Amino acid sequence: MTSSSSSQDTKRLAQSHPEGLRADALMEEDVARNHPADGGWDGDQFDRSERAALRRVVGLSTELEDVTEVEYRQLRLERVVLVGVWTTGTARDTENSLAELAALAETAGALVLDGVVQRRDKPDAATYIGSGKAEELRDIVAETGADTVICDGELSPGQLIQLEDVVKVKVIDRTALILDIFAQHAKSREGKAQVALAQMQYMLPRLRGWGQSLSRQMGGGRGGLATRGPGETKIETDRRRIREKMAKMRREIAEMKTGREIKRQERRRNKVPSVAIAGYTNAGKSSLLNRLTGAGVLVENSLFATLDPTVRRAETPSGRLYTLADTVGFVRHLPHHLVEAFRSTMEEVGDSDLILHVVDGSHPVPEEQLAAVREVIRDVGAIDVPELVVINKADLADPEVLQRLLRVEKHSIAVSARTGLGIDELLALIDHELPRPSVEIEALVPYTHGKLVARAHDEGEVLSEEHTPEGTLLKVRVHEELAAELTPYVPAPLG
């Protein structure tokens, strides 16, 4: 597909949906690349070329003269119709939720054709939207030529089956869509294992069988002629195998968790403070990490572009070392399976000394993003960790929205990770909020014990330093263990 035809399709779709069903987060294909004039820098985008590149497939040409000629084939995107049920809140809330579903669908690689909402007290137990509306949906699917229906909620196995029977195309729900995005973007071994576990948890109650899948296998008794008992059906065997795989996956994730816990204990032992970046997906967490540390993490204007947690070493303006951890993005109605599977990764938030809660200041309703993230933070038991709200994308935000957020969120700051606006103030706030060593001490450390001076710089806060003929005169604030090692070198009082 050429870029001109792609932009024409985008314009036609935007014109056909003036209500804004296409999400703002995906307005531009490559907004993360900064113009040099901006002064912005998002680090080296190591994964960008790999993710966006066309693959050259050798040997597919039908011309016998040159079998090495490359053939570029257009990828056929799934054509989807979105369906939502408006049970609570305002019509604007429901439209925003459907707009986010459209962004998720486009991130997964689908082309959104239409979106409809049904007003109900609660979703229909049989077909999610009711039998009459399901038939209307079937006509919309036939008219648009869609091949998939995506529902803005988690459907029961029965609802999936019955709605598919009516609309005659594949039906998936919000949870399955998010799991698909996670499966595409997971890179590390642990990330892939966590996504696989969540997918198996989701699929286990939704296995279906026809024909031989429901026939019973011979056996079930001990010995004999293998006819003693009904035996397992094929679908029961599949469920048992999935449970066994899930148990194995949980053991592997637990082993990976042990390795990360050892690294975390080492940081605790060295008294290195930790800061966790948490926030809604596409709020700019990775851009902020790159701006603060030059980490080179992938930045892309799409939902859940980065999943694997990244921990980088950083330094405050006063010279104190700390770690900065980028965590997986959150979204409203985050599937329970994902919260459970990624719990070990989210522990970085619970074990941190400070949470940088990043929110997209240019979003139409940033308060909803804040509420959704705080709900997940409560789920992982990090309610006691101090929180600093970082309102990102201040260069694109409505000034009135910024002022409202800064007024409501008492402990907040507005920044732009793209242009660098407010970053110096943010660094100063981090320096102020991080826990400080408890003991202030002055010591004259001999030059033969230079390691103690180095540790004072790494693990404490150096208030003053002077080099004398007898050694290094330090005035520092350190933790109790290091203070005990420096005590023998405290100068005796005069007189």
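Residues numbered from 1 in each chain as written. Predicted model: local features only at pLDDT ≥ 70, side-chain atom pairs only at ≥ 80, totals over all residues. Heavy atoms only, no water.

Looking at an unreviewed UniProt entry, one finds the protein named GTPase HflX, with Streptomyces ziwulingensis as its source organism. Entered under Subunit (unreviewed entry) in the UniProt record, the comment concerning the protein runs "Monomer. Associates with the 50S ribosomal subunit." (UniProt positions renumbered as here; feature names shortened; annotations may be inferred.)

## Remarks on the overall build of the protein
Scanning the protein for helices and strands turns up 16 helices and 13 strands. Contacts in the protein between residues at least 24 apart in sequence constitute 67% of all its contacts with a sequence separation of at least 6. Accessible surface, the protein as shown: approximately 26000 Å² in total, 52% of it carbon and sulfur. (Helix = DSSP H or I, 4+ residues; strand = E, 2+ residues; numbered from the N terminus. Contact = heavy atoms within 4.5 Å. Areas by Shrake-Rupley, 256 points an atom, 1.4 Å probe, with all protein chains shown as cover.)

## Quick look at the sheet that holds strand E8 (residues 354-360)
The 6 strands lie next to each other as E6-E7-E5-E8-E9-E10, forming an open sheet whose pairing is mixed. Pairing within the sheet leaves two strands with one partner each, and these edge strands are strand E6 (310-315) and strand E10 (412-414). Put simply, the sheet's adjacent strands are angled 25° from each other on average, direction ignored. With 6 bridges joining them, E6 and strand E7 (residues 321-326) adopt antiparallel strand pairing. Across the sheet, Thr310 pairs through a bridge with Asp326, a residue of E7. Against the sheet, helix H14 (residues 423-433) makes contact with strand E5 (274-279), E7, E8, strand E9 (387-392) and E10, and its axis sits at roughly 150° relative to E8, the strand it touches most. (Pairing = 2+ DSSP bridges. Axes fitted to C-alpha atoms, helices over the stretch in contact; angles between N-to-C directions.)

## So, unusual backbone geometry
Positive phi, normally seen in glycine, also occurs at Asn282, with a value near 70°. Structurally, the position occupied by Asn282 is in the loop between E5 and helix H9 (285-293). We classify Asn282 as buried; its relative accessible area is 12%. (Buried < 20%, exposed > 50% of the residue type's maximum accessible area, 1.4 Å probe, protein only.)

## Quick word on the confidence of the model for the protein
Per-residue confidence for the protein averages 78 on the pLDDT scale, and 75% of its residues sit at or above 70. Low confidence marks residues 1-38, where pLDDT is under 50. Its contacts with residues over four positions away, or in another chain, come to 47 contacts. Every residue in residues 59-75 is under pLDDT 50, and counting partners more than four places away or in other chains gives 13 contacts. (pLDDT = per-residue confidence, 0-100.)

## Focus: the pattern of salt bridges
Summed over all chains, the structure comprises 15 salt bridges. Ionic pairing is found between Arg404 and Glu367, a salt bridge with its closest N-O pair at 2.7 Å. With Arg404 in helix H13 (residues 399-408) and Glu367 in helix H12 (residues 366-379), this residue pair connects regions lying 37 residues apart in the sequence. On the basis of relative accessibility, which here comes to 30%, the residue Arg404 falls in the partly exposed class. Between Glu440 and Lys475 there is a salt bridge; the shortest N-O distance is 3.9 Å. Of this pair, Glu440 sits in strand E11 (residues 439-445) while Lys475 sits in strand E13 (residues 471-478), placing them 35 residues apart in sequence. Since its relative accessible area comes to 34%, Lys475 is described here as partly exposed. One continuous salt-bridge network, built from bridges that share partners, spans Glu100, Asp152 and Arg174. (Salt bridge = Lys/Arg side-chain N within 4 Å of Asp/Glu carboxyl O.)

## Brief notes about the sheet that holds E13
Reading across from one edge, E11-E13-E12 is the order of the 3 strands in this open sheet, with antiparallel pairing throughout. Each of the sheet's edge strands pairs with one partner strand only, and the pair in question is E11 and strand E12 (461-468). Adjacent strand axes in the sheet meet at a mean angle of 10° when their direction is disregarded. Taken together, the 7 bridges between E12 and E13 define a ladder with antiparallel strand orientation. Within E13, the residue paired with Ser464 across the bridge is Lys475. Lying over the sheet, helix H15 (residues 450-459) contacts E11, E12 and E13, oriented at roughly 150° with respect to E12.

## Brief notes about the packing of aromatic side chains
Within this structure, the stated rule accounts for 0 aromatic pairs. When the ring centre of Trp86 is taken as reference, the NZ or CZ atom of Arg119 above it lies at 4.3 Å. (Phe/Tyr/Trp six-rings, centres within 6.5 Å; stacked < 30°, edge-to-face > 60°. Lys NZ or Arg CZ within 6 Å of the ring centre and 35° of its normal.)

## Brief notes about the nonpolar core
Val149, Leu288, Phe330, Leu356, Val390 and Leu426 are the most contacted members of the largest nonpolar core, which has 85 residues in total. Excluding its chain neighbours within four sequence positions, the residues that come into contact with Val149 are Val81, Val83, Leu137, Val141, Val167, Val169, Lys170, Val171 and Ile172. Within the second largest apolar cluster, 12 residues are counted, among which are Ile441, Ala443, Leu452 and Leu474. (Core = buried A, V, L, I, M, F, W, Y, C linked by side-chain atoms within 4.5 Å.)

## So, helix H5 (residues 157-167)
Of all the residues in H5, the buried ones are Gln159, Leu160, Leu163, Glu164, Val166 and Val167. Each buried residue of H5 sits inside an arc of 160° when the element is viewed along its axis, so together they form one side. The elements touched by buried residues of H5 are helix H4 (131-144), strand E3 (148-151), strand E4 (170-173) and helix H7 (189-203). Trailing H5 by a residue or two, Lys168 shows a phi angle of about 65°, which is positive. (Arc of directions from axis to C-beta.)

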